[in-house]
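Reading the structure
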Amino acid sequence: MRLDCKTCKDQLDLYVDGELDVPQAIVFEQHLESCPECKRAYEQMQGIQAAVRQQATYFAVPDGLADRILAGLPANAEKADGEGQKDQQPHRRNRWSWLGAGAAIAPETAWKWLGIGASAAFAIMLAVNIQLYRNLPSDNQQLGQTLVEDHVRSMMTGHLMDVPSTDQHTVKPWFNGKLDFSPPVIDLKAQGFPLIGGRLDYIAGHPAAVIVYRRNQHPIDLFIWPVTQGQNEPASMAGKHGYHTVHWQDAGMMFWAVSDLNKAELEQFAQLLQQKLHQQDATPVS
Amino acid sequence: MTEAMKARLFQEKVLQHLGAAYNLARWLTRNDADAQDVVQEACMRAFRFIEGFHGENAKPWLLTIVRNTCYSWLQKHRSHEQDYSFDEDMDSREQLEADYHALQTVGPETQLLMNADRQIIDQALAELPPEFREVVVLKDMEDLSYKEIAEIANIPMGTVMSRLSRARRMLRARLVKEL
């Protein structure tokens, strides 16, 4: 079937936008090969599309907009549950007060830790999402990607911690009543991985504890949730855009460490944690 | 759904599309402060109605809310600007054929078009009526399908195509003047 110029004219935008099905597209292209006028028309339309794609300004999200939006939402987690609709003020003080004076981590600092601007962070966020759908990852790879996303998202929104504290005796009991398990909270300050706080999170629909550490300027999220008994050695994976994960199972818990810290140091972190965990098991601690 | 669950869902599914939301709002309102106001309002609505969202990809859903919020906002604050009568079938058959003939035979080298200055492109895009501008943004900047654009703009797919077609010819005509 040969196309005539009239049909070519009608299908031009469809072709430019990839909306013709394959047989239609092939017939269209065949016409272009033998018709220099329609070929030129196509190139002109495609040129306009390319001009917009490549040159038109894609406006970046201004600083602070994400924060303002989040701050304007009714607060979530433990304060809102069972209280129904309340006005925002009391929640703001409870949940977001640390955003203001005396905050351990302000959102601006979170941006700086990421080392990139807001729009780049969103680009990474999007890229991580796209990769998730493009590949056919194993369960662990998929989980790893989810956790990297969660980590990046926490950085982006400045919501790194529900309980900012460098004291394990503050962080550990904070989880009481919020989780039906007690996560081990281990301080590795002496080894160069100080504890900076914790938060509650939901991974694949179930609650998880996140213990937040720091190695120099790199935050490390340690996700912990209970699993049936099992034990294995730490296994590390490279995530997207320079993020790494190390995961292992021990003492009835699943551990996933996520950071943009380099692989070697993150593995070191995991090893130190495991060692200390076993030491702690040996000597009962309240 | 508790407020906590709604907030979690919002953060997981919706917030990542803030970039697309702001860009669309910015192109429709043509002003940073107004775009921010619109996006904040749209996000409040998205949060309130989030229980109605089902699925994996919240981008078209969010952009629908943003677009509608933009148009309500434009109606309220910028009604004086609508001094053109938006006519879907503005071009006669003869006009369309003459346009196509021009595409086939006259005008600048394609390379010149593609390399047009950013300022000129931005200006040309800003001058399009919003109904044409939005389909260009949704197609050429967000790379959404005709089907998705049809849903967001609440128009048939055929209208998406004809608006894109006309928008691109208007852009070309504008660029030709500058080059």
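Residues numbered from 1 in each chain as written. Chains lettered and ligands numbered in written order. Predicted model: local features only at pLDDT ≥ 70, side-chain atom pairs only at ≥ 80, totals over all residues. Heavy atoms only, no water.

Of regular secondary structure, chain B possesses 10 helices and 0 strands. Helices and strands in chain B line up, N terminus first, as α-α-α-α-α-α-α-α-α-α. Every one of the 179 residues in chain B was classed for burial, and the buried ones make up 56%. Sequence separation of 24 or more characterises 74% of the internal contacts of chain B that already satisfy a separation of 6 or more. For chain B, the computed accessible surface area is about 8200 Å², with 49% contributed by carbon and sulfur atoms. (Helix = DSSP H or I, 4+ residues; strand = E, 2+ residues; numbered from the N terminus. Buried < 20%, exposed > 50% of the residue type's maximum accessible area, 1.4 Å probe, protein only. Contact = heavy atoms within 4.5 Å. Areas by Shrake-Rupley, 256 points an atom, 1.4 Å probe, with all protein chains shown as cover.)

What follows concerns the packing of helix 9 (residues 146-153) of chain B against helix 10 (residues 157-178) of chain B. All names here are of chain B. Taken N-terminus to C-terminus, the directions of helix 9 and helix 10 make an angle of 100°; their axes are 8 Å apart at the nearest point. Classified by the interaxial angle, the pair formed by helix 9 and helix 10 is roughly perpendicular. When helix 9 is examined against helix 10, the residues Tyr-146, Lys-147, Ile-149 and Ala-150 are found in contact with a partner set consisting of Met-157, Val-160, Met-161 and Leu-164. Class assignment of the residues belonging to the contact of helix 9 with helix 10 gives a composition of 7 nonpolar, no polar and 1 charged. (Axes fitted to C-alpha atoms, helices over the stretch in contact; angles between N-to-C directions. Parallel < 35°, antiparallel > 145°, perpendicular 65-115°, else oblique. Nonpolar A, V, L, I, M, F, W, Y, C, P; charged D, E, K, R; others polar.)

Here the focus is the packing of helix 1 (residues 3-14) of chain B against helix 3 (residues 32-48) of chain B. Residue and element names in this part refer to chain B. Here helix 1 crosses helix 3 at 125°, and the two axes come no closer than 9 Å. In terms of orientation, helix 1 lies oblique with respect to helix 3. The handedness of the crossing between helix 1 and helix 3 comes out as right-handed. Across the interface between the two elements, Glu-3, Lys-6, Ala-7 and Phe-10 of helix 1 pack against Cys-43, Ala-46, Phe-47 and Arg-48 of helix 3. (Left-handed = near helix turned anticlockwise from the far one by under 90°.)

What follows is about the pattern of salt bridges. All names here are of chain B. Tallied over the full model, the rule gives 25 salt bridges over all chains. Among the ionic pairs, Arg-78 bridges to Asp-34, the shortest N-O distance being 3.1 Å. Of the two residues, Arg-78 is situated in the loop between helix 4 (59-77) and helix 5 (93-105) and Asp-34 in helix 3; the sequence distance between them amounts to 44 residues. We note that Arg-78, like Asp-34, is buried. A salt bridge links Glu-134 to Arg-67, with the shortest nitrogen-to-oxygen separation between them at 2.8 Å. Pair noted here: Glu-134 is in helix 8 (residues 130-141) and Arg-67 is in helix 4, with a separation of 67 residues, a long-range link. Residue class for Glu-134 comes out buried when judged on its relative accessible area of 0%. (Salt bridge = Lys/Arg side-chain N within 4 Å of Asp/Glu carboxyl O.)

Turning to the sheet that holds strand 2 (residues 195-203) of chain A, a few remarks are in order. Residues and elements named next belong to chain A. The sheet built from 7 strands is open, its strands ordered 1-2-3-4-7-6-5 with antiparallel pairing. A strand with exactly one partner marks an edge of an open sheet, and here the two such strands are strand 1 (163-164) and strand 5 (235-238). As paired elements, strand 2 and strand 3 (residues 206-215) share 8 bridges and run antiparallel to each other. The residue bridging Leu-195 from the neighbouring strand is Tyr-213, located in strand 3. (Pairing = 2+ DSSP bridges.)

Okay, the nonpolar core next. Judged by nonpolar contacts, the single largest core of 68 residues is most densely connected at Phe10(B) and Leu125(B). If you tally residues by element for this core, the top one is helix 4 of chain B, at 9 residues. If we ignore the near neighbours within four places in the chain, the residues touching Phe10(B) are Ile69(A), Leu73(A), Leu15(B), Cys43(B), Ala46(B), Phe47(B) and Ile50(B). (Core = buried A, V, L, I, M, F, W, Y, C linked by side-chain atoms within 4.5 Å.)

Okay, the confidence of the model for chain B next. In this model, chain B carries a mean pLDDT of 88, and residues with pLDDT of at least 70 account for 94%. Here the predicted complex scores 0.56 on pTM and 0.91 on ipTM. (pLDDT = per-residue confidence, 0-100.)

Next up on the list: the environment of Gly55(B). All names here are of chain B. For Gly-55, the position within the fold is in the loop between helix 3 and helix 4. Judged by its relative accessible area of 43%, Gly-55 is partly exposed. Put simply, Gly-55 and Lys-13 are 42 residues apart on the chain and 9.3 Å apart in space, counted from C-alpha to C-alpha.

For the rest of this paragraph, the subject is the interface of chain B and chain A. Contacts between the two partners involve 63 residues from chain B, matched on the other side by 58 residues from chain A. Taken together, both faces of the contact between chain B and chain A bury some 5500 Å²; the carbon and sulfur share is 59%. Summed over the three residues of chain B that lose the most area to chain A, namely Arg8(B), Tyr100(B) and Arg168(B), the buried surface amounts to 12% of that side. At the junction of chain B with chain A, the criterion picks out 4 salt bridges. In this structure, the salt-bridge partner of Arg53(A) is Asp143(B), at a minimum N-O distance of 3.4 Å. (Buried area = accessible area lost by both parts, 1.4 Å probe.)

Residue and element names in this part refer to chain A. Taken over all residues, the pLDDT of chain A has a mean of 76, while the share at 70 or more is 72%. Note on residues 76-123: pLDDT under 50 across the span, and 78 contacts to partners over four residues away in sequence or across chains. Ignoring residues within four places in sequence, the model shows residues 126-137, a span with pLDDT below 50, making 16 contacts including any to other chains.

Our next topic: helix 4 (residues 65-72) of chain A. An α-helix turns once per 3.6 residues; consequently, residues spaced three or four apart project the same way. Counting buried positions over the 8 residues of helix 4 of chain A gives 7, a clear majority of the element. Restricting attention to buried positions, one finds in helix 4 of chain A the residues Leu65(A), Ala66(A), Asp67(A), Ile69(A), Leu70(A), Ala71(A) and Gly72(A).

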